[in-house]
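Survey of secondary and tertiary structure
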Amino acid sequence: MYRQVAMFWAAAVGIVLAGYWLCLKFLFPGYFAPLSAFHVDFYDYAASAVHPYSILLTRYSRPASFAVAKFLADAGFPTLLAGEIVIALLSVLLTLAFAQRTLGLYSNRVLAPFAIYVVVLFGHPEFYAVHRHDLAAESAYLFLLLGLLAWLAFVDARRTLGPARRVILAIGAVSCTAMSAFSKETYFVAALCLLAGLAFSGRQNRRSHAAFFVLLVILVCCSYAWNRHIGWPPANVSSDYKMSLALSDLARTYYFYLRHFLNPAFILLPLIGIATVARDRSRFVLGCAFVLAGLAVFIPHAILPNHLDSEYAWLAAPLFLAPVLLIGRPARPMRLSFLNLVTAVVAVLVIAGPGGYWWTYQTPAERWFVEQDRKGAAMVQSLNRLRAIPRPSRVLVVGLEDTSIPWEAGDFLHDEFGDRILWSVVLPESIEYRRSSPLADFPHAADLKLENFDRIATFNSSDRLLNIQPVAAIPASEVRSEVIVPALKPLLEQARARPHDPKSLLASAQIAINWGLWADAENFLGEAKRDGAPDATTAPLLTQIRAAVAKAAANPHEVTLVARPDHVIQPDGSGLGEVELFWTVPDGVASEVHVNAPDGALFARSSGSGQARTGKWVSNGMQFFLQDVSGGKPLTKEHTLSRVQVRLSR
């Protein structure tokens, strides 16, 4: 008996692993490299390693998911990425275990429809993104399945197990279900549908399932109350997490997820399974409960009309497709080979038929995602070389063209690289979302001075690290703009090799505009005109430059004052440390930095934005005041632009 069970689960694990590899390699995305951090959220998950469990569980919304993230992140960033995949694959196996327990599918004949189930599940266009990205939802589903399985074991074994074991099962069921509720709300309504199905499929344990139903409602209410206590979701009406119960918003959002979830053949798969047990009331009710539970997954998402993301559509798939497994044990004599063949044909139509997966794979949105995924994988591969940078260092990062990068997660930087590397990352002007921290900022390309940095890390447009070199090793003949924007170098080399061909100069001007190097762009256009570029070509680019300059003048750089690091670890017992201060002010503003008061000791002055390093004289709690001294303004608090306080600890 035990050998048969072991062989069954060994086969099931083999199907999941093989199906995962085959679907990624040959369906979508067409290659197998799942350890990719294609979104800044991955680095935020990794940053949870910085905080103790007590902080994550008492000060964060959805605390259980952050505890899971910390558990994985403590073992390293690659382990975190791999752990998210393991959770998703383990949840598929637990779905099979739950279907076995509730639908009575104790037969090796279930393995054939399970293989079809796995291919349709992993081949879904939204699977590849969400099974790695939404750790909170995947954790919620894993804990829910564990809780339901423990609950079923408790209910079924009340007359056969001793009190101690029953208590352990009950505690396990409640604890896992609570972890699910405090991970994410995605599967709350789905769980209620499953419990209702269990209650209505038979009278024997109806009261027990009803009691667990009530317990789940209480747990989710507690989770909601906790999130509101933490201040989540934000009350801002423009927030992505603004909740709306308006029928028009609910219908529009729910339809959005249905549209990205279903296709004509996809709907047939669970219906075929349910049809095979139409004469078995208990399994028919439970099969319908699985389908309804899958569709109910979208209800919590439907109340967030500003947070539409197609990848969430897949979260319904494991439950919605579960009735396919009923094909392995029909309620009346049928030829299983014929049923499996019909199901396989329908699965092929799901993938390649009208409105199938294949057509979605080819859409611009999915192609864009594949590009982001490849960039994320390249960035992960670059981390080891970045860790090898000597400390202390001031590093300028150039060549990146998007924001899904680790430098936006300050806690991740602290945990991964320490607080003795200060990063400045140059991005195109079109990217407005720049999340600075004490360890990283995002200066404008035109404001940079290479002499303020120790090293330059150069990436290409695919987020692959090309080299890390000391600033002192850069030849004096190297053009500044080519260092800050590496994409300019091959174009300008081509322009020098073809002195009378303006095409390379025009392309260089466009790139310079994109990166905010407007003076360089004007120079390139002037050279292009001298090489014969017509006014009809240069005029639109000049218009872009003037518009960009006017926009910058109308929206000057915000005032900032940052100490890096703002928390100094000082182990030598002196109680003193050193920091570097960075400040930005609008053009034309004369500024001074004073110590401990607006009129305190003068530390530094500049005619605009600037930076300066202290000596080893900064003490715990010391404050720095950025003062506006334009036109002889007095050193009073009315003219304080910003201030920052530094902490020191041993």
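Coordinates for the structure precede this section.
Here goes a summary of the coordinates provided. (Residues numbered from 1 in each chain as written. Predicted model: local features only at pLDDT ≥ 70, side-chain atom pairs only at ≥ 80, totals over all residues. Heavy atoms only, no water.)

For the coordinates displayed, the defined rule picks out 0 disulfides. Note on Cys176: no disulfide assigned, nearest cysteine sulfur contributed by Cys222 at a separation of 17 Å. When its relative accessible area of 19% is taken as the criterion, Cys176 is described as buried. Here Cys193 stays free of any disulfide, with the sulfur of Cys288 as its closest cysteine sulfur at 12 Å. Taking relative accessible area as the criterion, Cys193 reaches 22% and is therefore assigned partly exposed. (Disulfide = S-S within 2.5 Å. Buried < 20%, exposed > 50% of the residue type's maximum accessible area, 1.4 Å probe, protein only.)

With 12 residues, helix α13 (residues 264–275) should cover 16 Å at 1.5 Å per step; its first-to-last C-alpha distance of 17 Å lies within 8% of that length. Taken residue by residue, α13 has Ala265, Phe266, Leu269, Pro270, Ile272, Gly273 and Ile274 as its buried positions. Its buried side turned inward, α13 meets α6 (111–123), α12 (247–261), α14 (281–296), α16 (317–320), α17 (336–352) and α18 (357–361). Its side-chain oxygen placed 3.2 Å from the backbone nitrogen of Ala265, Asn263 serves as the N-cap of α13. (Helix = DSSP H or I, 4+ residues; strand = E, 2+ residues; numbered from the N terminus. Expected span 1.5 Å × (residues − 1). Contact = heavy atoms within 4.5 Å. Polar contact = N/O pair within 3.5 Å; in protein donor to acceptor, adjacent residues only side chain to side chain.)

Another point: the pairing of strand β12 (residues 623–628). Remember that side chains alternate between the two faces of the sheet whenever the strand is regular. Counted residue by residue, β12 has 5 buried out of 6 residues, so it is predominantly covered. Across 5 bridges, the pairing between β12 and strand β13 (residues 640–645) is antiparallel. Bridging across to β13, Phe625 finds its partner in Arg643. (Pairing = 2+ DSSP bridges.)

The 3 strands lie next to each other as β6-β8-β11, forming an open sheet whose pairing is antiparallel. Two strands lie at the open edges of the sheet, namely β6 (560–564) and β11 (610–613), each paired on one side alone. Adjacent strand axes in the sheet meet at a mean angle of 15° when their direction is disregarded. Here 4 bridges tie strand β8 (residues 580–584) to β11, and the two strands are oriented antiparallel to one another. If you follow Phe582 over to β11, its bridge partner there is Gln611. (Axes fitted to C-alpha atoms, helices over the stretch in contact; angles between N-to-C directions.)

Time to look at the side chain of Ser208. When you line up the elements, Ser208 lands in helix α11 (residues 206–230). Its relative accessible area of 13% is what places Ser208 among the buried residues. Not counting residues within four places of it along the chain, the set of residues in contact with Ser208 comprises Trp151, Val155 and Arg158.

Nothing here speaks to function; it is geometry throughout.
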